[in-house]
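Geometric and topological summary
So you can see what is in the structure, the chains are spelled out below.
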Amino acid sequence: MTPEKNDTDAIEQDIVHHTITTLCRGVYNIDKLAMYQATAHSVRDRLLEDWNLTQEALHRENPKRCYYMSMEFLIGRALDNALNCLKVKKNYKESVDNLGFNLEDLLVEEKDAALGNGGLGRLAACYMDSAATLDYPTWGYGLRYQYGIFKQIIKDGYQNEMPDYWLNFDNPWEFPRTDIRYEVRFHGYVATKMNEKGESRMSWEGGDKVQAMAYDVPIPGFDTKGCGNIRLWSSKPLNTFDFDSFNAGDYDRSVSEQTNAQNLTSVLYPNDNHLVGKELRLKQEYFFVSASLQDIIHRFKRAKCPWKDFPDKVAVQMNDTHPTLAVPELQRILVDVEGLEWDDAWDIVTRTFAFTNHTVLPEALECWSVPMMEKILPRHMQIIYDINLFFLQKVERDFSPDRELLKRISIIEETSPQQVRMAYLAVVGSHTVNGVAALHSDLIRKNLFNDFVKYYGPEKFINITNGITPRRWLYQSNPGLRDLITKTLGSEEWATHLDQLEGLKKYAEDASFQEAWADVKFQNKKRLADWIKTNMNITVNPHALFDIQVKRIHEYKRQYMNILSVIYRYKSLKKMAPEDLEQQVPRVVIFGGKAAPGYYIAKLVIKLINSAAEVINNDSSIKDMLKVVFIPDYNVSLAEIIIPASDISQHISTAGTEASGTSNMKFVLNGGLILGTVDGANIEIGEQIGEENIFMFGVLADAVDDIRHNQKYHGLFIDASLQVVIDAIQGGEFGDPSIFGPLINTLTYGGDYYLISTDFKSYLQKHTEVDDTYRDKAAWNKKSIMCTAGMGFFSSDRAVRTYAEKIWKLKPFKVEA
Ligand code: CJB
């Protein structure tokens, strides 16, 4: 693209051209959606030039590449990001303006690509952004769900789920690759066959086949000609139509294959940190790894390198255990299809894969029943048994013959029926395993993978603390702060060198800088307050302290504890004399997040928040000192409005349960303070920004087991403050108390597994400290500046660079114009 191509006149012409040709519309009869589409198509033309340039160069030079396999990519909207990356936003704004539209109005017409549940999927999207920006030859592989995460609707305070029809309109950000298709088999049987060399080999035969078709999603790098790619697979029927059934009048059957095949990639499983052992999910996982590996191998074979060089050309990162079937699948291809010896094949496999663990929660660890695996993937089950046998033999021979140890470390769990422990398979099949924050990596070394650490040695188990892309999470979502930082530091280089934010520290006590800083925050709070007014008809005061907790609703994340503390605050405000009430710091407590549709307790938490909000927001006696808002359908685009508006955000998981958290990083990057437990990446955030700038409370991870044990045998201690709240709920102050019975029971009769009663008092104390600090505006502003200034470490650029250097052994591959 020549520079003139990005002149405003040329851009206008392009948009008009796409209106007439791509959309087949007259320019004088065009609404916002169509204008968005025409604009998006013209931006994509520019992006595609970079995409082609990059992919052609990669094809030509054939450097080592990394493939990031993830069942989830929570990308969000693409247009604004592309405009920023290509550095054409200013001109587009002007061109769109000349055509009678406002660019900001068009941006919101785009539907989020919401192919993920929460942190894990969003992390994958941030990593793709950084890999492209840093010119690492990295592709994502995933599934093209027709329905992403459900749309959350709140009705009478309860969560209702609606399908996410994200592909209803044309999607300019994906390219169907009708020529890139692979067959994927399920079921069938295993036979013995002679290969070309006359050796006897196992062969997976029969069964049903579906086709995987590729869709490419370009991932622009920021300020580089390089453009990355996420290749998503969509299932298609192999034979589209059964004419025999059709002719025999059996119309349903004639299209049944088509329907079955398409169903495979229809919908994203809406569970976060929770395994659902469904057959369709297992099929999705295999479909995904089979298609991806066929594609990777096809590309590898073009260069005619020997198989032993495969790990020098290919690194595969498994994003959690969801892609772990790739381990037995590559082994199967190498041994059964390519005729390699088992040990040679296994050497290649274990030099290729690496595995990221994202959770220690037992309910989230994938285990597949052996009978189900045998039915759907009979050859893989045999291979997994063999991998396990050879592994256990080695452990016994080289390390310890202890039966108990061998039982503990076995990939197969001897339950009835037997289960395949996917995390163990991933460890055994990978050269490197990483956790996602320092504490989390320590915990997996000490607990989940302890036997493996002893056997393999500690080097195999490393930590790479998560990161977030500063492009989406500051540059794009917080233009006010972006411009202030750029003006202060003298350039925008910080967007790709986030450590440069350090340069803000010297202005932390500068009164006029503080004023400018605080004004940006106020404008962002106003933007959110306006959104809440327009969309929810609730009035909130932007001068109040904005206290935000947005994330998946889960017992371990303790939104329940948050709403209990809000009720406590409400009860306290109600008791106050008018002159005391006036002295309080007004608060707006904002919640957002989806609960898995089958997660009953999490859905009750949503109901309690909404019921409490209803009472509190309509109680004039507390003089607007407290407002509660549950923002429905929390997603990436809403996060971009919500996060820059926080004074305080809450990350209050029971110590040891949140692997890292990444929204904590986003809030702090945007100058929001944190109220958090000593968990996940909160700890490292405190170290980076200074412990005096973070509000931490609660028990430590290594105390949790003992406390649970004590609670079990000696009962709970319910503090008076917590009892006030329980009494209020049970007394019907927030509606029919029987509704909340099961929720209260998780505390009183359920043993309080997440230690709310233990942490409640210190949590309330921290809230008071937050209020007191907020009264001193200069002190607060200084902390806020120090927050942003200390966040350089949490750029996903740092994280991806570490993966590339320590795990993938990958070098940047710079594309020249
Ligand atoms: N995580 O979002 C998910 N889903 C899972 O099934 C397991 C873990 C989250 O991954 C994030 C990225 O590493 C972490 O920051 C977060 O703590 C973890 O819950």
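Residues numbered from 1 in each chain as written. Predicted model: local features only at pLDDT ≥ 70, side-chain atom pairs only at ≥ 80, totals over all residues. Heavy atoms only, no water.

Under an unreviewed UniProt entry, the name given to the protein chain is Alpha-1,4 glucan phosphorylase, and the organism recorded is Mucor lusitanicus CBS 277.49. Under the Sequence similarities (unreviewed entry) heading, UniProt states for the protein chain: "Belongs to the glycogen phosphorylase family." (UniProt positions renumbered as here; feature names shortened; annotations may be inferred.)

Quick look at the layout of surface pockets
Unoccupied space between atoms shows up once a probe the size of one water molecule is rolled over them. Approximately 650 Å³ is the volume found for the second largest pocket. If you go around the second largest pocket, you meet 24 residues; those closest to its centre are Leu443, Asn447, Gly656, Ala701 and Asp705. Among the secondary structure elements, those contributing two or more residues to the lining of the second largest pocket are helix 18 (438–448) and helix 29 (704–714). Its residues assigned to classes, the lining of the second largest pocket comprises 15 nonpolar, three polar and six charged. The residue makeup of the lining of the second largest pocket includes at least three contributed by each of domain 2 (62–76 + 112–465 + 802–807) and domain 3 (479–794). (1 Å grid on protein atoms, 1.4 Å probe; cavity = no way out; pocket = protein on both sides within 12 Å on 5 of 7 lines; lining within 4 Å. Points joined across faces, edges and corners; volume = space filled by probe spheres on them. Helix = DSSP H or I, 4+ residues; strand = E, 2+ residues; numbered from the N terminus. Nonpolar A, V, L, I, M, F, W, Y, C, P; charged D, E, K, R; others polar. Domains from an automatic or database assignment.)

Some remarks on empty space enclosed by the protein
According to the stated counting rule, one finds seven cavities of 30 Å³ or more in the structure shown. The space that makes up the largest cavity amounts to roughly 880 Å³. Asn117, Gly118, Gly119, Leu120 and Asp272 are the residues nearest the centre of the largest cavity, which is lined by 50 residues in total. The set of elements that each furnish at least two residues to the lining of the largest cavity consists of helix 6 (119–133), helix 10 (279–302), helix 26 (636–642) and helix 27 (663–669). By residue number, the principal contributor to the lining of the largest cavity is helix 6, which donates four residues. For the lining of the largest cavity, the per-class residue count stands at 19 nonpolar, 18 polar and 13 charged. Here the lining of the largest cavity gathers at least three residues from each of two domains, domain 2 (62–76 + 112–465 + 802–807) and domain 3 (479–794). In this structure, the second largest cavity spans a volume of roughly 110 Å³. Thr54, Tyr136, Pro137, Cys227 and Gly228 are, among the 15 residues lining the second largest cavity, the residues nearest its centre. Elements represented by at least two residues in the lining of the second largest cavity include exactly helix 2 (32–61), strand 4 (138–143) and strand 11 (227–237).

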